[in-house]
Each structure stands twice: as structure tokens, then as C-alpha cells.
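# Secondary and tertiary structure notes
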Amino acid sequence: MKIKKIVGKKLKSIRLKRDMTIQDLAEKSKVSSNMISRIERGLTIPSVEILMKLAGVFDKSINYFVEEVTTTHEIVCTSPGGRDKTVYDDEHNMHTESFTSGLRDPQFMSFFCTVKKGGTSGVQNMYHPGDELIYVLEGNLEVTIAGERHLLKAGDSISFKSHLPHRWDNIGDDDAKVIWTLSPFTTI
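First, a word on scope: everything that follows refers to the structure included in this document. As the structure is a computational prediction, the values presented were derived from the model and not from experiment. Within any chain, residue numbers begin from 1 and follow the written order of that chain's sequence. Only residues with pLDDT of 70 or above have their local features reported here, since the model is predicted, and side-chain atom pairs are shown and tallied only from 80 upward, although totals for entire chains, interfaces and linings are computed over all residues. Note that water and hydrogens are dropped before the side-chain values are worked out from all heavy atoms of the structure.

Let's shift gears to the overall build of the protein chain. Scanning the protein chain for helices and strands turns up five helices and eight strands. Element order for the protein chain, N to C, with α for helix and β for strand: α-α-α-α-α-β-β-β-β-β-β-β-β. Only protein chains enter the accessibility calculation, which uses a 1.4 Å probe. A residue is then buried if its area is under 20% of the maximum for its type, exposed if over 50%, and partly exposed in between. Here the protein chain holds 188 residues, and the buried ones make up 40% of them. Here the Shrake-Rupley method, with its probe set to 1.4 Å, supplies the accessible areas, and only the displayed protein chains count as covering residues. Summed over its atoms, the accessible surface of the protein chain is roughly 10,200 Å², and 51% of this surface lies on carbon and sulfur atoms. Counting from the N terminus, the helices are the DSSP runs of H or I reaching at least four residues and the strands are the DSSP runs of E reaching at least two.

What follows is the structure in C-alpha cells.
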């Protein structure tokens, strides 16, 4: 099932289970009713910022909306190509596979990411509760945190409080391979 359909289906389902109208959700989340309707109909993938707002209303992680998992387990073992994609998948910027999809009540989120050459998180800074770890396996990544630029190459890592405004750009000549971990299991 395409990610747009997964997010839309889960959003509509939880909204109806909570006996909320689209307008109720719009008021609580500060997301327009038009955007919510488009998401629920599978016409658009919400930005991370919008998904954070929607998830916050229901006290859920964004993974609730993006992972198609019918059962959860205490042990999850995955192989390349067999991991669930997440909302961060963006054919122009980054392909992301979850290491933690299907894990029962995880206290962290971890992803294997391929950041495309020239890929970027966008012009706006991100911020969310918790801690973040970025470890570069291959390539180069520029991470800007609270206005401070950090140039990471293969083998480098950076950890930071993710309430600080941050963004990233692949400034290298090739795709970058990165392991991204967020804790606690967060609503980004």
C-alpha cells in the first residue's frame, strides 16, 4: 500500500474512533481542514511538521501513521530491502527504511537512510522533543544545529538535543548512507 494511502487511512480511522470531525481535528492540531481532508483521501503526504501536529492530538508517534504493521514483536530482525519505508521517503532527497518497525512499544526510532546527492531537509529548521544521533556510514552530510554547521564524513557522528532547531544537507558528490536514531520514540 502506498504511503499516502497508509497515512490517510490511519488518520481517518483514529479521528473517527475518537468521534472527531475534520473541523474538530483542524482546530486541535492547527492544521487546515482542507489539508486534513486531502491527507485522509490519500491525495498528499503531510510534511513532518504537519504529521507532528496531527500525531500530537492523538498522543501518537508519527510511526503510528506511516508503518503498515499488523502485529508487533519483542524481537525484530530485518535485511536490506525488507525493511518498511517511512514517511521520510522522498525520491528527491532521502530514502528511509525503519529498523524498528514492528517492535512492540519501542523507546526509540532508528532508520537506515540514503540521502540523495543534493538532498536536503528543506529550508525550514526542524525541532522536536528528545535526542537525536546521526552516524554517517558513507558520503558527506552537513548538519546545522542552532545555527552551527557540522560537516560529517564517513565514520563521523553527531548527537544533540532535538529541541534545538536543526536541518541537514548532502553536500557531497555522492549519495550518503546514514543511520539516524531518535529517542525517546518521538512524534516527529
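Here strand E6 (residues 157–161) shows a clear split, with Ile158 and Phe160 buried on one side and none of Ser157, Ser159 and Lys161 buried on the other. Relative to E6, strand E3 (residues 131–138) is paired through five bridges, and the arrangement is antiparallel. Its bridge partner being in E6, Asp131 is matched across the sheet by Lys161. When DSSP finds two or more bridges between two strands, those strands count as paired.

We now examine the nonpolar core. In this structure, Val115, Ile134, Leu141, Val178 and Trp180 are the most contacted members of the largest nonpolar core, which totals 18 residues. When residues of this core are traced back to their parent elements, those giving at least two are strand E2 (109–115), E3, strand E4 (140–145), E6 and strand E8 (176–183). Only buried Ala, Val, Leu, Ile, Met, Phe, Trp, Tyr and Cys residues count toward a nonpolar core, and they belong to the same one when joined by side-chain atoms within 4.5 Å. If you look at the next biggest cluster of nonpolar residues, it comprises 17 residues, including Leu11, Ile14, Met20 and Leu51.

What follows deals with unusual backbone geometry. In this structure, Lys30 takes a positive phi of about 65° despite not being glycine. Structurally, Lys30 can be placed in the loop between helix H2 (22–29) and helix H3 (33–40). The class for Lys30 is exposed, based on a relative accessible area of 67%.

Salt bridges are defined as contacts in which a side-chain nitrogen from Lys or Arg sits within 4 Å of a carboxyl oxygen from Asp or Glu. By the definition in use, this model includes six salt bridges. Across the pair Asp156 and Lys153 runs a salt bridge, and its minimum N-O distance is 3.6 Å. What makes Asp156 partly exposed here is its relative accessible area of 22%.

Our next topic: the sheet that holds E6. One open sheet holds the five strands; their spatial order is E1-E2-E8-E3-E6, and the pairing between them is antiparallel. The sheet is open, and its two borders are formed by strand E1 (94–98) and E6, each paired with just one other strand. Strand-to-strand twist of the sheet, defined as the mean angle between neighbouring strand axes without regard to direction, takes the value 20°. Where helices are involved, their axes are fitted lines through C-alpha atoms of the stretch in contact, as for all axes, and angles between N-to-C directions lie from 0 to 180°.

Below, the discussion takes up the environment of Gly172. Note on placement: Gly172 falls in the loop between strand E7 (166–169) and E8. Here, two residues are considered to be in contact whenever any of their heavy atoms come within 4.5 Å of each other. Dropping the residues within four chain positions of it, Gly172 is found in contact with Lys117 and Asn140.

Take the environment of Thr181 next. Along the polypeptide, Thr181 turns up in strand E8. On the accessibility criterion, Thr181 (19% relative accessible area) is buried. Taking the C-alpha atoms as reference points, Thr181 and Ser159, separated by 22 residues in sequence, lie 9.3 Å from one another. Discounting chain neighbours no more than four positions away, the residues touching Thr181 are Phe108, Met109, Ser110, Asp131, Glu132 and Leu133. Any N or O atom pair separated by 3.5 Å or less is treated as a polar contact, with the protein-specific requirement of one donor-capable and one acceptor-capable atom, and with residues adjacent in sequence counted only for side-chain atom pairs. Looking at Thr181, its side chain comes within polar contact range of the side chain of Ser110, at 3.0 Å.

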